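Spelled out from the first residue to the last, the chains are:
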Amino acid sequence: VGEVPSEATMTRLVSWACDDDFANFRAKSETPHVRTPGNLRTVCIQSLVETFQVEDSDEWCAGALLTRFKGGMLVWFRGRYQDSVMWAGDPSLQSEERPRQSFQRIMVQYKSRCMTWLPDDMADSQRLAHLLDELTHTMDSEFSSKMLMRLTHDRIKSRTQCSALASELVDLIEGANAPIFGMDTTGIATHWNKMTSCLTGIKKEEAIGQPVSKLLNLSVYAAKELDAVSQCAQLGYVVKPIQLTVTSRGGLFEYEGTVSPGDDVDLFLGPTVSRDISGRPRNVMFVGQNVTEVRNTLAKCMDIEAGYQRVISDSTSPIFGVSADGLITDWNTATVSMTKVSQDEAIGKPFLGTHGVFGGLISVTDQDILTKLEILVHGALFSDKDGQGNVGLGAEGNQEGMKASQFEFSCINKDGKRVEILIMASCRGTVSQNRTDSETASAIFFAVDVSEKKALEVANTAYIAAKAASQAKSEQIGFLCHELRNPLNGVI
């Protein structure tokens, strides 16, 4: 039943077991408490290579459990275990039953060996051998024939059910709304569903039996990545899905007008390994997802973001951005010219505070300015817009008499020059205070250096005041002249 080693290995194993009238069974019999009726004998072999004293072979099995009964011998093979196991227990008590009473750790290497045969394994083998012994010697031929017919009927029924299940699975794979293809351990295509044909333009009849990397026209790097993922999956490792870009020959069926020849199709693929009864890999199935539209949308968003960054960078007006956690994200050239703080000094630094830009590198004339700036940032990020389209600052900001969307203040730039700044805030992205992804939004500040305007306003105010004083002086002199002229005229 199942897969067995080669005939040469079987012959050597039987010869070794039968030498000297089954001396090995008499010398290495199991302990009495695991015996079953019939006084059966069991021999455990951890490594056929070590037992036969030969070089390592290509056999898939590493060990065997031999049980002798009256009618013959039952052999249970176990495959190689290519790993190490850390056991708890005294090395001198390796025969101690699990769980062990001692806790000293020992490392057991299983290279070219199988997992340890436990007493339960020997007991199971002996029970099965006892059943075979009873069927062989104690039952009549009629009962044996009926038993054989029943076993044959059950086997046929089981294979019919398996065939029906396999047929349903094939139909499910073929009609799936996701690209699914499979390849054997050498990279030859064994499965190719309809959706894969629709996206790649390769029909199933053309694909089966051809190398997958050649079918998909993969680059050398992509072919190596696909092969590495396949190999890791076959070895039983947990493999993360990979993304492959495939050049389509043109869409088929319902994708005929959607995918054109030469279009790139992005597939997000996850491997699944199918194995035979002995546990060896037969095929690697890749279940995928078409992420081409997602990639195109992401590319458009990245283009928009790049354009947005160019607008900010090339703008003649000072523009800078602040994230939801209070760090500066953008700082364009005009802002550098106004504040004399370079981009390297500003980006990634706190917006406010003694270790930040405003309040640290750039001094403010009044500490209340920092509070008002903080309120402005918070209002831009988390508050809803009012009926006039301004970002609300809440009761505190309104009590200060400050407009919600702009704020004018004085500061001392890094060179020690006093600068009058008019700042306006806007939010990039829509967030609320209760959302956990608020860090994805940022506040954008548009600033205007109004120092010259302020100076002109001061000069204009002084000019108007001087002009008014001169006018008042002229009027006063005229009045005095008039008052003096009337008496003099009377005297004359």
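Residues numbered from 1 in each chain as written. Predicted model: local features only at pLDDT ≥ 70, side-chain atom pairs only at ≥ 80, totals over all residues. Heavy atoms only, no water.

Colleague: In this structure, what is going on with a nonpolar patch on the surface? I would like to understand it.
Modeller: A grouping of Leu-128, Leu-131 and Leu-132 is seen on the molecular surface, where their side chains present a nonpolar patch of about 240 Å² in accessible area. With respect to the helices and strands, the residue Leu-131 is situated in helix H3 (residues 119-137). Residue classification places Leu-131 among the partly exposed positions, given a relative accessible area of 46%. (Patch = residues over 30% accessible without salt bridge, like charges linked within 9 Å, V, L, I, M, F, W, Y side chains within 5 Å. Areas by Shrake-Rupley, 256 points an atom, 1.4 Å probe, with all protein chains shown as cover. Salt bridge = Lys/Arg side-chain N within 4 Å of Asp/Glu carboxyl O. Helix = DSSP H or I, 4+ residues; strand = E, 2+ residues; numbered from the N terminus. Buried < 20%, exposed > 50% of the residue type's maximum accessible area, 1.4 Å probe, protein only.)

Colleague: Explain the nonpolar core here, please?
Modeller: Among soluble globular proteins, nonpolar side chains are generally buried collectively. Of all hydrophobic cores here, the largest spans 31 residues; its most connected members are Phe-320, Phe-351, Phe-358, Phe-409, Ile-423 and Phe-445. Among the secondary structure elements, those contributing two or more residues to this core are strand E11 (319-323), strand E12 (328-331), helix H12 (368-382), strand E14 (406-412), strand E15 (418-428) and strand E16 (442-449). At 8 residues, the largest contribution of residues to this core is made by H12. Setting aside its immediate chain neighbours within four residues, Phe-409 contacts Phe-358, Ile-369, Leu-373, Val-419, Glu-420, Ile-421 and Ile-423. Counting residues in hydrophobic clusters, the runner-up holds 25 residues, among them Met-195, Cys-198, Leu-215 and Ala-222. (Core = buried A, V, L, I, M, F, W, Y, C linked by side-chain atoms within 4.5 Å. Contact = heavy atoms within 4.5 Å.)

Colleague: Whenever I open this one, the packing of aromatic side chains confuses me. Can you help?
Modeller: A ring pair, where both rings are aromatic, is described by two values, the distance of the centres and the angle of the planes. Summed over all chains, the structure comprises 11 aromatic pairs. Between Phe-320 and Phe-351 the ring centres are 5.8 Å apart and the planes differ by 35°, which places this aromatic pair in the tilted class. Placement of Phe-320 in strand E11 and of Phe-351 in the loop between helix H11 (343-346) and strand E13 (363-364) is noted, with a sequence separation of 31 residues between them. On the basis of relative accessibility, which here comes to 1%, the residue Phe-320 falls in the buried class. Of the residues examined, Phe-351 reaches a relative accessible area of 2% and is grouped as buried. Put simply, the rings of Phe-320, Trp-331, Phe-351, Phe-358, Phe-407, Phe-409 and Phe-445 pair up and form one aromatic cluster. Positioned above the aromatic ring of Trp-76, the side-chain terminus of Arg-78 is 5.6 Å from the ring centre. A cation over a ring is seen here: Lys-194 above Phe-253, with NZ or CZ 5.3 Å from the ring centre. (Phe/Tyr/Trp six-rings, centres within 6.5 Å; stacked < 30°, edge-to-face > 60°. Lys NZ or Arg CZ within 6 Å of the ring centre and 35° of its normal.)

Colleague: Looking at this structure, how should I read helix H9 (residues 292-314)?
Modeller: At 3.6 residues per turn, the α-helix brings residues three or four places apart onto the same side. With 23 residues, H9 should cover 33 Å at 1.5 Å per step; its first-to-last C-alpha distance of 33 Å lies within 8% of that length. Residues Thr-292, Gly-307 and Ile-312 constitute the buried set of H9. Check the buried side of H9 and you find it contacts strand E9 (264-275), strand E10 (281-290), E11 and E12. (Expected span 1.5 Å × (residues − 1).)

Colleague: Just to check I follow, could you spell out the sheet that holds E10 for this structure?
Modeller: To summarise the sheet geometry, strands pair through backbone hydrogen bonds and adopt either a parallel or an antiparallel arrangement. Strand order in this open sheet of 5 strands is E7-E6-E10-E9-E8, and the pairing throughout is antiparallel. At either margin of the open sheet sits one strand with a lone partner, and together these are strand E7 (189-192) and strand E8 (242-247). The mean angle between the axes of side-by-side strands here comes to 30°, regardless of whether they run parallel or antiparallel. Bridging between E8 and E9 involves 6 bridges; their strand directions are antiparallel. Its bridge partner being in E9, Leu-244 is matched across the sheet by Leu-267. Those strands touched by H9 are E9 and E10, and its axis lies near 140° from that of E9. (Pairing = 2+ DSSP bridges. Axes fitted to C-alpha atoms, helices over the stretch in contact; angles between N-to-C directions.)

Colleague: Would you mind going over the pattern of salt bridges with me for this structure?
Modeller: Side chains that carry opposite charge are capable of pairing whenever their charged atoms lie near each other. Counted under the stated rule, the structure contains 7 salt bridges. Across the pair Arg-127 and Asp-124 runs a salt bridge whose closest N-O atoms are separated by 3.3 Å. Of this pair, Arg-127 and Asp-124 both sit in helix H3, 3 residues apart, which is roughly one turn of the helix.

Colleague: Just checking my understanding: could you explain the confidence of the model for the chain for this structure?
Modeller: For residues with low pLDDT, the predicted coordinates do not support detailed interpretation. When pLDDT is averaged across the chain, the result is 76; 76% of the residues are at 70 or more. Per-residue pLDDT, averaged within each element of the chain, yields its smallest value for helix H13 (residues 394-399) (38) and its largest for strand E6 (residues 180-184) (91). A low-confidence stretch, residues 26-39 stays under pLDDT 50, and its non-local contacts, those more than four residues away or across chains, total 25 contacts. Across residues 384-404, where pLDDT falls below 50, the model places 25 contacts with residues more than four positions away in sequence or in other chains. (pLDDT = per-residue confidence, 0-100.)

Colleague: Is there a simple way to think about unusual backbone geometry in this case?
Modeller: A negative phi angle is the norm for most residues apart from glycine, just as the trans form is the norm for most peptide bonds. Although it is not a glycine, Asn-217 sits at a positive phi angle of roughly 55°. For Asn-217, the location among the structural elements is in the loop between helix H7 (212-215) and helix H8 (220-234). A relative accessible area of 58% places Asn-217 in the exposed class. Positive phi outside glycine occurs at Lys-340, with the angle close to 65°. As for its position among the elements, Lys-340 is in the loop between helix H10 (333-339) and H11. For Lys-340, a relative accessible area of 39% corresponds to the partly exposed category.

Colleague: Whenever I open this one, the sheet that holds E11 confuses me. Can you help?
Modeller: Spatial ordering of the open sheet is given by E12-E11-E16-E15-E14-E13, a layout of 6 strands whose pairing is antiparallel. The open sheet has two edge strands, E12 and E13, and neither has a second partner.

Colleague: Can you help me understand the pairing of E11 in this one?
Modeller: Successive residues of a regular strand alternate their side chains across the two faces of the sheet. The buried fraction of E11 is high, at 5 of 5 residues. Neither face of E11 is open: one carries Ile-319, Gly-321 and Ser-323, the other Phe-320 and Val-322, and all of them are buried. For E11 and E16, the ladder comprises 5 bridges, and the chain directions are antiparallel. Across the sheet, residue Ile-319 finds its bridge partner in E16, namely Phe-446. Relative to E12, E11 runs antiparallel, the two being bridged by 3 bridges. Residue pairing in the sheet places Val-322 in a bridge with Ile-328 of E12.

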